[in-house]
Amino acid sequence: LLTFVSSGFDMIALLFAPVELLGPLAGSTLILNIFVAPFVVQEKVYPVDILATAISVPGMIVTSIFGPHSTPAVDTALITANFSRGATMVYEVMTAVALVACVFLIRTMFGRPEMYARAAWLLKLRPFLWPFFAATLGGQQLLITKLTIELLDTTFAEGVNQFASPITYAVIVAAVALSLTQLWAINQALASADALLVVPVYQSLLIAMATLSSAVFFDQFAAFAWWETGAFAVGVILVVSGVLLLTQRPVNAMTAPAARPKRQRARERGATGGSATSPWVIVWLAVGTVVATLLTIIVVVAATSGGDEATA
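These numbers come from a predicted model, not from an experiment.

Engineer: In this structure, what is going on with the overall build of the protein? I would like to understand it.
Structural biologist: A tally of regular secondary structure across the protein gives 11 helices and 0 strands. Secondary structure elements of the protein, listed N to C terminal, follow the sequence α-α-α-α-α-α-α-α-α-α-α. Counting only residues that meet the buried cut, the protein has 43% of its 312 residues in that class. Expressed as a percentage of contacts within the protein between residues at least 6 apart in sequence, the contacts between residues at least 24 apart total 82%. When the accessible surface of the protein is totalled, it reaches about 16,100 Å², and 72% of it is carbon and sulfur.

Engineer: Please explain helix H6 (residues 126–156) as it appears in this structure.
Structural biologist: Helical geometry note: an α-helix holds 3.6 residues per turn, so side chains three or four residues apart project in the same direction. Given a rise of 1.5 Å per residue, 31 residues ought to cover 45 Å, and the 45 Å separating the end C-alpha atoms of H6 matches this to within 8%. For H6, the tally of buried residues reaches 26 of 31 residues, placing the bulk of the element in the interior.

Engineer: What's the story with the nonpolar core in this structure? I'm lost.
Structural biologist: Val 74, Phe 133, Leu 147 and Phe 218 are the most contacted members of the largest nonpolar core, which totals 40 residues. Sorting the residues of this core by element identifies helix H2 (19–40), helix H4 (76–83), helix H5 (86–111), H6, helix H7 (166–192) and helix H8 (195–218) as the ones contributing at least two each. For this core, the element with the most residues is H6, which contributes 12 residues. In this structure, Phe 133 is in contact with Leu 99, Cys 102, Val 103, Trp 184 and Ala 185, ignoring residues within four places of it in sequence.

Engineer: Which parts of the structure should I look at to understand helix H3 (residues 47–66)?
Structural biologist: Counted at 1.5 Å a residue, the expected span for H3 with its 20 residues is 28 Å, and the 29 Å between its end C-alpha atoms agrees. The buried count for H3 comes to 16 of 20 residues, which makes it a mostly enclosed element.

Engineer: I would appreciate a short explanation of the packing of H4 against H7 in the present structure.
Structural biologist: The axes of two packed helices give the description: the angle between them and the distance between them. Interaxial distance between H4 and H7 falls to 9 Å at its minimum, and their mutual angle equals 70 degrees. It follows from the interaxial angle that H4 and H7 lie roughly perpendicular. Here H4 contributes Thr 76, Ile 79 and Thr 80 to the contact with H7, which in turn contributes Ile 167, Thr 168 and Val 171. Of the residues belonging to the contact of H4 with H7, the class tally is 3 nonpolar, 3 polar and no charged.

Engineer: Sorry if this is basic, but what is going on with the packing of aromatic side chains here?
Structural biologist: The relative placement of two aromatic rings is captured by the distance of their centres and the angle of their planes. This model, assessed by the stated rule, comprises 7 aromatic pairs. Within the aromatic cluster, the residues linked to one another by ring pairs are Phe 83, Phe 217 and Phe 218. Above the plane of the ring of Phe 110 lies Arg 126, whose end atom (NZ or CZ) is 5.7 Å from the centre.

Engineer: When you look at the side chain of Thr 88 in this model, what are you seeing that I'm missing?
Structural biologist: Topologically, Thr 88 is positioned in helix H5. Taking the relative accessible area as the measure of exposure, Thr 88 reaches 1% and is therefore buried.

Engineer: Whenever I open this one, the packing of H6 against H7 confuses me. Can you help?
Structural biologist: Axis separation between H6 and H7 bottoms out at 8 Å; the angle between their running directions is 155 degrees. The angle between the axes of H6 and H7 places the two elements in the roughly antiparallel class. By crossing handedness, the relation of H6 to H7 is classed as left-handed. In the contact of H6 with H7, the residues fall into 17 nonpolar, 11 polar and no charged.

Engineer: Explain the side chain of Glu 150 here, please?
Structural biologist: With respect to the secondary-structure elements, Glu 150 resides in helix H6. For Glu 150, the side chain forms a polar contact with the side chain of Lys 146, separated by 2.9 Å. Residues in contact with Glu 150, not counting those within four places in the same chain, are Leu 14, Leu 15 and Val 74.

Engineer: For this particular structure, what's the right way to read the environment of Ala 223?
Structural biologist: Within the element layout of this structure, Ala 223 appears in the loop between H8 and helix H9 (226–245). The class of Ala 223 is exposed, set by a relative accessible area of 70%. Spatially, the C-alpha atom of Ala 223 lies 9.4 Å from that of Pro 68, the residues being 155 residues apart in sequence.

Engineer: Looking at this structure, how should I read the environment of Ser 70?
Structural biologist: Assignment of secondary structure puts Ser 70 in the loop between H3 and H4. Remark: the alpha-carbon pair of Ser 70 and Ala 215, spanning 145 residues in sequence, is separated by 9.9 Å. The contact partners of Ser 70, leaving out residues within four places of it in the chain, are Pro 18 and Gln 220.

Engineer: Sorry if this is basic, but what is going on with a nonpolar patch on the surface here?
Structural biologist: Residues Phe 9, Ile 12, Leu 15 and Phe 16 make up a contiguous nonpolar surface patch of about 450 Å² in total accessible area. Its location among the elements puts Ile 12 in helix H1 (residues 2–16). Under the relative-accessibility criterion, Ile 12 is labelled partly exposed at 47%.

Engineer: Even after reading the chapter, I still don't get the pattern of salt bridges, so can you show me in this structure?
Structural biologist: Proximity of charged atoms lets side chains of opposite charge pair with each other. Counted according to the given criterion, the structure contains 2 salt bridges. One salt bridge connects Lys 146 with Glu 150, and the closest N-O pair in it is separated by 2.9 Å. Of the two residues, Lys 146 and Glu 150 are both situated in helix H6; the distance of 4 residues between them amounts to about one turn of the helix.

What counts and how
- Residues numbered from 1 in each chain as written.
- Predicted model: local features only at pLDDT ≥ 70, side-chain atom pairs only at ≥ 80, totals over all residues.
- Heavy atoms only, no water.
- Helix = DSSP H or I, 4+ residues; strand = E, 2+ residues; numbered from the N terminus.
- Buried < 20%, exposed > 50% of the residue type's maximum accessible area, 1.4 Å probe, protein only.
- Contact = heavy atoms within 4.5 Å.
- Areas by Shrake-Rupley, 256 points an atom, 1.4 Å probe, with all protein chains shown as cover.
- Expected span 1.5 Å × (residues − 1).
- Core = buried A, V, L, I, M, F, W, Y, C linked by side-chain atoms within 4.5 Å.
- Axes fitted to C-alpha atoms, helices over the stretch in contact; angles between N-to-C directions.
- Parallel < 35°, antiparallel > 145°, perpendicular 65-115°, else oblique.
- Nonpolar A, V, L, I, M, F, W, Y, C, P; charged D, E, K, R; others polar.
- Phe/Tyr/Trp six-rings, centres within 6.5 Å; stacked < 30°, edge-to-face > 60°.
- Lys NZ or Arg CZ within 6 Å of the ring centre and 35° of its normal.
- Left-handed = near helix turned anticlockwise from the far one by under 90°.
- Polar contact = N/O pair within 3.5 Å; in protein donor to acceptor, adjacent residues only side chain to side chain.
- Patch = residues over 30% accessible without salt bridge, like charges linked within 9 Å, V, L, I, M, F, W, Y side chains within 5 Å.
- Salt bridge = Lys/Arg side-chain N within 4 Å of Asp/Glu carboxyl O.

Now the structure itself:
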């Protein structure tokens with residue numbers, strides 16, 4: 001129920017703001033996940049979890065601030081023209097190839113792990129496959145949903161009927177299909193590994209993929225100054241770095257709690273039933289996360305002001 005309710009609010013938000021500006025709000029899930037999961041589902045918090053969050057969150061802020069902030073008026077003519085652009089076609093083909101490759105790896109790594117006997121290190125990628133698949137679909141789903149909402153707004157708010165074109169119906173069908181498939185993929189991801197691993201990876205990649213998908217489709221980078229493009233790239237690197245840090249979690253964290261024996265889960269929670277990390281460690285790392293975020297905002301504001309003065 002909460003999933004469908006939140007999806008409804010997501011669609012309303014897409015009507016009033018571009019995809020790139022909604023990214024930081026999704027990033028708040030990272031912080032909530034770290035502090036809520038130990039109390040709700042008794043999952044352990046490791047220092048590397050919060051360190052990865054402390055790196056990823058500032059990256060999300062930088063990426064969202066320096067990413068595209070506006071979109072043109074959307075109608076079926078614009079959708080046809082933009083999907084016919086060479087850059088968009090190449091990006092969509094690359095996305096399709098990545099999804100097909102991900103499906104192959106999921107089927108073989110989970111179904112036939114013996115195939116990787118000579119490259120066992122590749123099996124460490126298993127917990128990241130479903131989140132990557134779901135996030136890649138999510139990037140496409142947010143873009144298509146944004147187009148759907150804009151088409152409806154153009155039709156009913158501006159009085160320009162877009163339902164005379166089959167493009168509108170195709171976009172609506174694609175939005176529904178992608179939403180259902182993404183929801184299924186998220187459930188698969190949560191069943192395959194610890195939520196404290198799945199949620200940060202999924203949210204980080206979702207923000208990057210959604211921003212990139214929207215920017216490529218609307219050709220937003222063409223109007224960027226060099227320092228804006230550089231700042232955007234730094235933000236993406238921070239997000240990816242935070243995600244890669246999660247590969248350093250203990251091996252047991254890579255398996256969903258339900259898949260581990262009851263006695264093992266009891267030992268992992270400890271005699272007190274709490275998390276593996278001292279509360280003071282959580283507090284200090286939380287303070288570090290806040291400080292890092294504030295410093296990032298200060299640097300971003302300073303850079304933006306400098307860029308505006310240089311432009312003037």
